[in-house]
Amino acid sequence: MRVREVVAVVLLLLTGAVSVCRAGDPRADQDDADLHAIARVGQRVAWAVGDRGVAWTTRDGGRTWSAVPLPGQLACRSVCFLSNRVGWIGGNDERPGHSRGVLLSTRDGGATWQSIETPLGRLSHVRFFDLQRGVLVGGGSEQHPTGVVETSDGGRTWQAVKGAESDDWRTAAFSSDQGGVVAGGGLRFGTLANGAVLESNSQSRGRRAWWGAAVSEGGPGWLVGDGASVLLRPPRQAIWQTPSTPLPAGLADAMTFRCVAAVGNQAWIAGSPGSAIWYTSDGGDSWQRQSTGQSLPLYGISMGRDGAGVAVGGLGVIIRTSDGGRHWQVARGRGRRLAMLVIHV
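Below, the structure is looked at part by part. (Residues numbered from 1 in each chain as written. Predicted model: local features only at pLDDT ≥ 70, side-chain atom pairs only at ≥ 80, totals over all residues. Heavy atoms only, no water.)

## Quick look at the overall build of the protein
(1) Moving on: When you go through the protein residue by residue, the secondary structure sums to two helices and 28 strands.
(2) Moving on: Considering the protein as a whole, with its 345 residues, one finds that 54% of them fall into the buried category.
(3) Moving on: The long-range share in the protein, meaning contacts at least 24 apart out of those at least 6 apart in sequence, stands at 40%.
(4) Moving on: A total accessible area of about 16,500 Å² is found for the protein, and carbon and sulfur atoms account for 50% of it. (Helix = DSSP H or I, 4+ residues; strand = E, 2+ residues; numbered from the N terminus. Buried < 20%, exposed > 50% of the residue type's maximum accessible area, 1.4 Å probe, protein only. Contact = heavy atoms within 4.5 Å. Areas by Shrake-Rupley, 256 points an atom, 1.4 Å probe, with all protein chains shown as cover.)

## Brief notes about the environment of Cys80
(1) Moving on: Relative to the helices and strands, Cys80 resides in strand β5 (residues 74-81).
(2) Moving on: Between the alpha carbons of Cys80 and Phe129 there is a distance of 9.4 Å; along the sequence they are 49 residues apart.
(3) Moving on: Not counting residues within four places of it along the chain, the set of residues in contact with Cys80 comprises Gly87, Trp88, Val126, Arg127 and Phe128.

## Side note on the sheet that holds strand β10 (residues 134-139)
(1) Moving on: Taken together, the four strands give an open sheet; going across it, the order is β9-β10-β11-β12, and neighbouring strands pair in antiparallel fashion. The open sheet terminates on both sides in strands that have one partner only, identified here as β9 (122-128) and β12 (159-160).
(2) Moving on: Taken together, the six bridges between β9 and β10 define a ladder with antiparallel strand orientation. Looking at β10, one finds that Leu123 is bridged to Gly138. (Pairing = 2+ DSSP bridges.)

## So, the pairing of strand β11 (residues 148-151)
(1) Moving on: Direction of pairing for β10 relative to β11: antiparallel, over a ladder of four bridges. Each bridged residue has a counterpart across the sheet, and for Leu136 the counterpart in β11 is Val149.
(2) Moving on: Note that β11 and β12 share two bridges and pair antiparallel. Bridging across to β12, Val149 finds its partner in Ala160.

## Overview of the packing of aromatic side chains
(1) Moving on: Scanning the entire structure with this criterion turns up nine aromatic pairs.
(2) Moving on: With a centroid separation of 6.4 Å and an interplanar angle of 80°, the aromatic rings of Phe128 and Trp158 are classed as edge-to-face. Placement of Phe128 in strand β9 and of Trp158 in the loop between β11 and β12 is noted, with a sequence separation of 30 residues between them.
(3) Moving on: Exposure remark for Phe128: the relative accessible area of 1% places this residue in the buried category.
(4) Moving on: Trp158 sits in the buried class, given a relative accessible area of 14%.
(5) Moving on: Ring geometry for Phe189 versus Trp240: centroids 5.8 Å apart, planes at 65°, classification edge-to-face. Here Phe189 is found in strand β16 (residues 189-193), whereas its partner Trp240 is found in the loop between β20 (229-233) and α2 (251-254), with 51 residues between them in sequence.
(6) Moving on: The exposure class assigned to Phe189 is buried, which follows from its relative accessible area of 5%.
(7) Moving on: Taking the relative accessible area as the measure of exposure, Trp240 reaches 10% and is therefore buried.
(8) Moving on: Directly above the ring of Trp211 sits Arg258, whose terminal nitrogen or CZ lies 4.0 Å from the centroid. (Phe/Tyr/Trp six-rings, centres within 6.5 Å; stacked < 30°, edge-to-face > 60°. Lys NZ or Arg CZ within 6 Å of the ring centre and 35° of its normal.)

## Looking at the sheet that holds strand β8 (residues 114-116)
(1) Moving on: Pairing is antiparallel in the open sheet, where four strands are placed in the order β5-β6-β7-β8. Each of the sheet's edge strands pairs with one partner strand only, and the pair in question is β5 and β8. The sheet shows a mean angle of 30° between the axes of neighbouring strands, taken without regard to direction.
(2) Moving on: With six bridges connecting them, strand β6 (residues 87-93) and strand β7 (residues 101-106) associate as antiparallel partners. By the bridge assignment for β7, Gly91 is matched with Val102. (Axes fitted to C-alpha atoms, helices over the stretch in contact; angles between N-to-C directions.)

Following this line, the structure appears as structure tokens:
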């Protein structure tokens with residue numbers, strides 16, 4: 001091979017390597033990484049995050065998505081944006097031998113990220129109410145036994161929230177006044193009010209867990225989890241209860257709920273398999289099955305008052321709707337399937 005041909009081949013290889021790493025393109029191991037959380041900002045902008053440090057963003061209401069590079073090795077579990085430019089991503093350090101919650105912050109729409117120290121060994125939820133006031137939820141420790149910490153200075157310092165102890169909060173939801181609910185393993189859950197975690201159910205119920213929570217302005221609060229478990233808290237009440245109309249019989253053996261979105265009295269519940277989303281327009285008095293057109297599990301969902309919504313899940317699938325879920329379209333991951341290997345011994 002002549003020298004010119006060798007140089008041309010080398011330049012071609014280098015060009016290919018650079019194109020893989022440019023902004024907008026995911027790493028090879030990120031394209032089908034599971035997505036665990038979704039946050040919408042207005043009608044056009046949204047962020048989806050998940051395993052292997054993957055983050056996707058859209059600027060056209062979910063029709064197209066671009067990868068956003070994140071620093072470090074992070075298993076992303078939660079995302080919160082106050083505007084198109086200001087947001088946070090929370091998760092856990094994926095590096096071997098490292099066990100700590102990680103919080104990333106951006107002020108320029110994801111062009112750059114700052115790492116913020118957190119006192120939690122595991123982080124499952126982040127919520128900021130403004131630039132200064134925020135709360136983190138995850139696994140408790142000796143110094144922070146409730147697994148809930150809050151900041152009033154943008155994350156420079158964190159204070160432990162007093163109350164019920166837990167090392168296994170897996171989901172949380174908050175209203176604009178910083179009140180909310182935390183929930184996790186053993187189907188335990190508690191209410192966050194007046195700066196304290198007040199446990200509503202302290203008795204563990206085996207291996208089942210709550211995986212999704214939602215609090216809507218003027219509507220019920222929701223908890224969903226294993227065995228198609230559902231609880232709601234009516235507006236201006238403190239007692240959690242099952243919906244007045246139960247979901248179809250047999251669903252507990254066929255489906256695990258992993259996420260819920262709520263707008264007023266409306267709620268959308270999704271999970272595994274992700275072929276159906278269960279919708280109520282009247283606070284659980286009636287239920288409708290919405291078909292998604294795909295079967296991958298759904299781990300996060302966000303809906304707006306305008307009927308637009310996005311759900312994300314296994315193998316990086318992203319689906320979207322513009323009519324309250326009557327019709328869902330696959331925006332990313334169309335045709336992907338989970339594989340199962342069975343070995344007989």
